[in-house]
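# Observations on chain architecture
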Amino acid sequence: MLSQRRLGTATLALGLVVLTDVLRVFLPSVITIFGQAASTPAELLGAFAVGWFVLALVAPALVARVGSATVGVAAVLVLGAARLSLTAAPGGRAQLWLASAGLLAGLVWLAATAARVAYPVPGLVLGMTASALGHALLGTYDLVWWQRWPAWVASVTVVAALLAAETVSGRVAARPVDDRPSPNRRGWLLVGPALLLGNMVALSPAVAISAMSYWYGEAGTAAPPPFALAPLGAAAPLFLLGALTPWHPRWRALPPVLLVAGALLFGYGPPTLLTVAILAGAAGLGGCLALASGGATPQPTGRSGTGPAYAAVGGMLVFAVAALVYYAAYDLGYPNQWVPAVVAALTGVVAMRGAAASDGHRPPRADRSSELPPWRLAVLAAVVALAAAWLHGPWLVASNRPGPPERVRVVAYNIRMGFGLDGRFDLTALDRMVGRADVVVLSEVDRGWLLNGGHDTLGLLAARLGMPYVFAPAADPLWGDAVLSRWPVQRARTRALPAVGAPTGAQALGVTVDFSAGVRLAVVSTHLQPPPGADPVVQARAVADFATGYADGAPLVVAGDLNTEPGDPAFTAFTDAGLVDALAAARPLPTSPADDPREQIDHVLVSPDLVAADAVAVPGTASDHLPVAVTLTLPDR
């Protein structure tokens, strides 16, 4: 029985690593490929995404009819094949359907596993921790996007290990046993909520990096920190210890309180408290899983496992609906900060009910989560996380070159969270599109949204370019705009813009580039978000007012995705404020959509003392926009 339990734990952990990899491709593929650059209605997009989770509700009946061993092996074959094929896929529709097939197979496998694994918490905890630490070691850049031989070796090894473990586990579980414990329904019900809260807040390496970066910013902005992944070095051990050690009845209320507090801080707290949200969420989530694991009882051999299977698939449906409700708010326009808190509260309720059930029946010690060495695992997790922190700093430092330059190359680029028109996350393509710029202004920057795969797109791109960044949040602390510079920057400031009915937030970020010898350049990055069918003139006036006041007479650049064309009221608001179109000599200069540009909505505007030359829109499909680049001659000193 002991070897069977450990085998089931290992199989579940490996399967969750692979399933999480597929989820990190499926979710952004729904947005970028099925969503077609926001041209698909949000309701239809959501129905497509949730439909695969609803379809998986037939899995428990299939397991009951065919058997968990047969269904489990078949599902793992499809899941593993889909996972490996995604690395070779060229993107586009093939990627979308492969990810969808892999997701459905993963959900079917989860139902089959739930029918025979009594105690899911150890496998769930190990799988979530391994996935988070692996993502951290990769700097949040998934193996599936690498397309290099080390990525293939690692991916094939994990998939082969999962297939072998699933095959053996299914055979062992099929042997008749007189006193097999019933699978724990509460534990299985929490798989989906735990994956959501873990990947959204508590165990997300990208969120940990973003949280640390706010410690080094100023006035609500973020900058590159050393040891950016350090919060994960505390969060992962807290999660493991909380989940794998018994909780005294006196302290059972603490994990739900910590989990809800972390979710509330994530949703409503200032960015500087993101680190606290991560640590509280990790400890609380682990503790809730430990509490929910109580109450399993022996069952006669042959008893149906459809109840736990339905619980597992139902919990994943909660994952899908909650994720949809949270992220659809940025298309439909409603408050969404409450979503993580509600999921955390529901998790706490299930956990407390599990704790109450365990009062009536405590399984033998060997059957509990504590069969795993929690302290050894916690220390190992801390070491791996801190090694990842050392490896991926990022160690970005800008320093003055000898003497101020005469000319500066400025690039403005809406990077669509790093995903190209083919739906692939391609840092090499983004790097190539930016080229050898001195100052880069980025729009639609994602720093850890689960919907987009949980990457720190800004940190990854900044490391490739060798350019430190300043980031300012717009929609929430993880999504906004940024400025990267090869020269030191000072006086970072951000101002929220009027919403004027637009669902996604907008801001203006001002930084001052210091070229030494008293030569400075004020740069303002923004992404105007007009309400549907309207011109963003109100936001444009707010940006122009902020920018001219921030520059205070210094040479000024205002750049970004302005969602307005030359001659429109919003564009005129900038020229009325005294700014000059730096791209005028190259007009018309359409930038969107990237594969057939028709709209001139990405701009660089400058103060009259800056002379613009060599304006161009760089062709490519690394985003749904083209970057615009221009060389600016600084005024005589």
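How each quantity is defined
- Residues numbered from 1 in each chain as written.
- Predicted model: local features only at pLDDT ≥ 70, side-chain atom pairs only at ≥ 80, totals over all residues.
- Heavy atoms only, no water.
- Helix = DSSP H or I, 4+ residues; strand = E, 2+ residues; numbered from the N terminus.
- Rg over C-alpha atoms; globule rule 2.2 N^0.38 Å.
- Contact = heavy atoms within 4.5 Å.
- Patch = residues over 30% accessible without salt bridge, like charges linked within 9 Å, V, L, I, M, F, W, Y side chains within 5 Å.
- Areas by Shrake-Rupley, 256 points an atom, 1.4 Å probe, with all protein chains shown as cover.
- Salt bridge = Lys/Arg side-chain N within 4 Å of Asp/Glu carboxyl O.
- Pairing = 2+ DSSP bridges.
- Axes fitted to C-alpha atoms, helices over the stretch in contact; angles between N-to-C directions.

### Points about the overall build of the protein
The helix and strand tally for the protein stands at 20 helices and 14 strands. Its C-alpha radius of gyration of 26 Å places the protein within 12% of the 26 Å reference for a compact globule of 637 residues. Across its three principal directions, the C-alpha atoms of the protein cover 90 × 45 × 45 Å. Within the protein, residue pairs in contact and separated by at least 24 positions form 79% of the contacts whose partners lie at least 6 positions apart.

### Concerning a nonpolar patch on the surface
On the surface, a cluster of nonpolar side chains totalling about 480 Å² of accessible area is made up of Leu264, Tyr268, Trp338, Val342 and Leu346. Sorting the residues of the nonpolar patch by element identifies helix H12 (254–268) and helix H15 (338–360) as the ones contributing at least two each. Its place among the elements puts Leu264 in helix H12.

### Some words on the sheet that holds strand E10 (residues 556–561)
Strand order in this open sheet of six strands is E7-E8-E9-E10-E12-E11, and the pairing throughout is mixed. Two strands close off the open sheet at either side, each with one partner strand: strand E7 (489–496) and strand E11 (580–581). The pairing of strand E9 (residues 520–527) with E10 spans six bridges and is parallel. The residue bridging Thr526 from the neighbouring strand is Gly560, located in E10. Contacts between helix H19 (residues 537–551) and the sheet are confined to E7, strand E8 (507–514), E9 and E10, with E8 contributing the most and set at about 25 degrees to the helix.

### Re the environment of Thr129
By the element assignment, Thr129 lies in helix H6 (residues 120–137). Measuring from C-alpha to C-alpha, the distance between Thr129 and Phe227 comes to 19 Å, with 98 residues separating the pair along the chain. Once residues lying within four places of it in the same chain are set aside, the contact partners of Thr129 are Ala236, Phe239, Leu240 and Ala381.

### What about the sheet that holds strand E13 (residues 611–617)?
One open sheet holds the six strands; their spatial order is E5-E6-E4-E3-E14-E13, and the pairing between them is mixed. Each edge of the sheet is formed by a strand with only one pairing partner; in this case those strands are strand E5 (469–476) and E13. Across the sheet, the axes of successive neighbouring strands diverge by a mean angle of 15 degrees, strand direction being ignored. Of the pairings in the sheet, the one linking E13 to strand E14 (residues 628–633) comprises five bridges and is antiparallel in character. When the sheet's bridge partners are listed, Ala612 is paired in E14 with Leu632. Against the sheet, helix H18 (residues 457–465) engages strand E4 (439–446), E5 and strand E6 (479–485), with an angle of about 155 degrees to E4.

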